[in-house]
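Read off the chains here:
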Amino acid sequence: MKQRQRRVLGVDPGLTRCGVGVVEGVPGRPCVLVDYTVIGSDPDADLADRLLHLDRNLAELIAKHQPESVAVERVFSQHNVRTVMGTAQAAAVAVLAAARAGLPVRTYTPSEVKAAVTGSGQADKKQVTTMVTRLLRLDAPPRPADAADALALAICHIWRGGTRDRLSEAIRAAKGRQ
């Protein structure tokens, strides 16, 4: 049975720099780059304005690229409470933007993403960027690293989450026949 291409929007959340990457692919095969960008905001701006700016930009990217699902990095733990709060707020905006568009959302820890694209959950940012560049057959690494991380999230979701989504769909279909 031939698997259908899936388009995923990956989000590496951050208030100052939020990486967004869009890829298409099927589990176990090389993915294809659709687009990537970084949504920036002024650290001195009002928090509400920064979150609204992020929300509007994500909504525009979702409308433009029409992904089937969204993958967001799960805020795991960071030593700096202020940084983790901003990252968590940005992640929540990404989840909300996807939900508002009616899209399924999956979250992945950094180690899950690293393991999916490099084979090691302990990989550093440079290794992730190198593998994203190879996996997407790019001439140059995506810059900045936030964009590469967002693309890694999208690849991770296609390879891991796509399988989960198909299993969930099969279970729902089987229950519907009972």
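Above this text you will find the structure in question.
Conventions we followed
Residues numbered from 1 in each chain as written. Predicted model: local features only at pLDDT ≥ 70, side-chain atom pairs only at ≥ 80, totals over all residues. Heavy atoms only, no water. Helix = DSSP H or I, 4+ residues; strand = E, 2+ residues; numbered from the N terminus. Buried < 20%, exposed > 50% of the residue type's maximum accessible area, 1.4 Å probe, protein only. Contact = heavy atoms within 4.5 Å. Areas by Shrake-Rupley, 256 points an atom, 1.4 Å probe, with all protein chains shown as cover. Axes fitted to C-alpha atoms, helices over the stretch in contact; angles between N-to-C directions. Parallel < 35°, antiparallel > 145°, perpendicular 65-115°, else oblique. Left-handed = near helix turned anticlockwise from the far one by under 90°. Nonpolar A, V, L, I, M, F, W, Y, C, P; charged D, E, K, R; others polar. Pairing = 2+ DSSP bridges. Salt bridge = Lys/Arg side-chain N within 4 Å of Asp/Glu carboxyl O. Polar contact = N/O pair within 3.5 Å; in protein donor to acceptor, adjacent residues only side chain to side chain.

Engineer: Quick question: what am I supposed to make of the overall build of the protein chain here?
Structural biologist: Looking only at helices and strands, the protein chain has five helices and five strands in total. Mapped from its N terminus to its C terminus, the protein chain presents α and β elements in the order β-β-β-α-β-α-β-α-α-α. Per-residue burial over the protein chain gives 42% buried out of 178 residues. Of all intrachain contacts in the protein chain linking residues separated by at least 6 positions in sequence, the fraction that spans at least 24 positions is 64%. Total accessible area on the protein chain is roughly 9,700 Å²; 52% of this is exposed by carbon and sulfur atoms.

Engineer: Quick question: what am I supposed to make of the packing of helix α1 (residues 47-65) against helix α2 (residues 81-100) here?
Structural biologist: For any two helices packed against each other, the geometry comes down to the angle between their axes and how far apart the axes lie. Direction vectors running N to C along α1 and α2 enclose 40 degrees, while the axes themselves pass 9 Å from each other. Accordingly, the angle class assigned to the pair α1 and α2 is oblique. The interaxial crossing formed by α1 with α2 has right-handed handedness. Only Gln 89, Ala 90, Val 93, Ala 94, Ala 97, Ala 98 and Arg 100 of α2 make contact with α1, whose side of the interface consists of Leu 47, Leu 51, Leu 54, Asp 55, Leu 58 and Ile 62. Considering only residue class, the contact of α1 with α2 consists of 10 nonpolar, one polar and two charged.

Engineer: Even after reading the chapter, I still don't get the pairing of strand β3 (residues 32-40), so can you show me in this structure?
Structural biologist: Residues in a regular strand point their side chains to alternate faces of the sheet. Relative to β3, strand β2 (residues 17-25) is paired through eight bridges, and the arrangement is antiparallel. Across the sheet, Gly 21 pairs through a bridge with Tyr 36, a residue of β3. The antiparallel pairing of β2 with β3 creates a hairpin that spans six residues between the two strands, and Gly 28 there sits at a positive phi of about 80 degrees.

Engineer: Can you help me understand the pairing of strand β1 (residues 6-12) in this one?
Structural biologist: Summarising burial for β1: six of the seven residues are buried, a large majority. Pairing of β1 with β2, which is carried by seven bridges, proceeds in the antiparallel orientation. From the neighbouring strand, Val 8 faces β2, where its bridge partner is Val 23. Counted between consecutive antiparallel strands, the loop separating β1 from β2 contains four residues.

Engineer: How should the pattern of salt bridges be read in this particular structure?
Structural biologist: Any two side chains of opposite charge can pair if their charged atoms end up close together. One pass over the structure, following the stated rule, counts six salt bridges. A salt bridge links Arg 4 to Glu 68, with the shortest nitrogen-to-oxygen separation between them at 2.8 Å. Taken as a pair, Arg 4 in the segment before β1 and Glu 68 in the loop between α1 and β4 (69-73) lie far apart in primary sequence, 64 residues in all. Here Lys 64 ties to Asp 35 by a salt bridge, and the two come within 4.0 Å at their closest N and O atoms. Taken together, the residues Lys 64 in helix α1 and Asp 35 in strand β3 connect sequence positions 29 residues apart. Residue Lys 64 is classed as exposed on the basis of its relative accessible area of 58%. Judged by its relative accessible area of 23%, Asp 35 falls in the partly exposed class.

Engineer: What's the story with the side chain of Asp 149 in this structure? I'm lost.
Structural biologist: By the element assignment, Asp 149 lies in helix α5 (residues 145-177). Excluding residues within four positions of it along the chain, Asp 149 makes contact with Asp 12, Lys 125 and Val 128.

Engineer: How do you make sense of the side chain of His 65 when you look at a structure like this?
Structural biologist: In this fold, His 65 is placed in helix α1. We classify His 65 as buried; its relative accessible area is 7%. Separated by 3.0 Å, the side chains of His 65 and Asp 35 make a polar contact. For His 65, the residues in contact, after removing those within four places along its chain, are Arg 7, Val 22, Val 34 and Asp 35.

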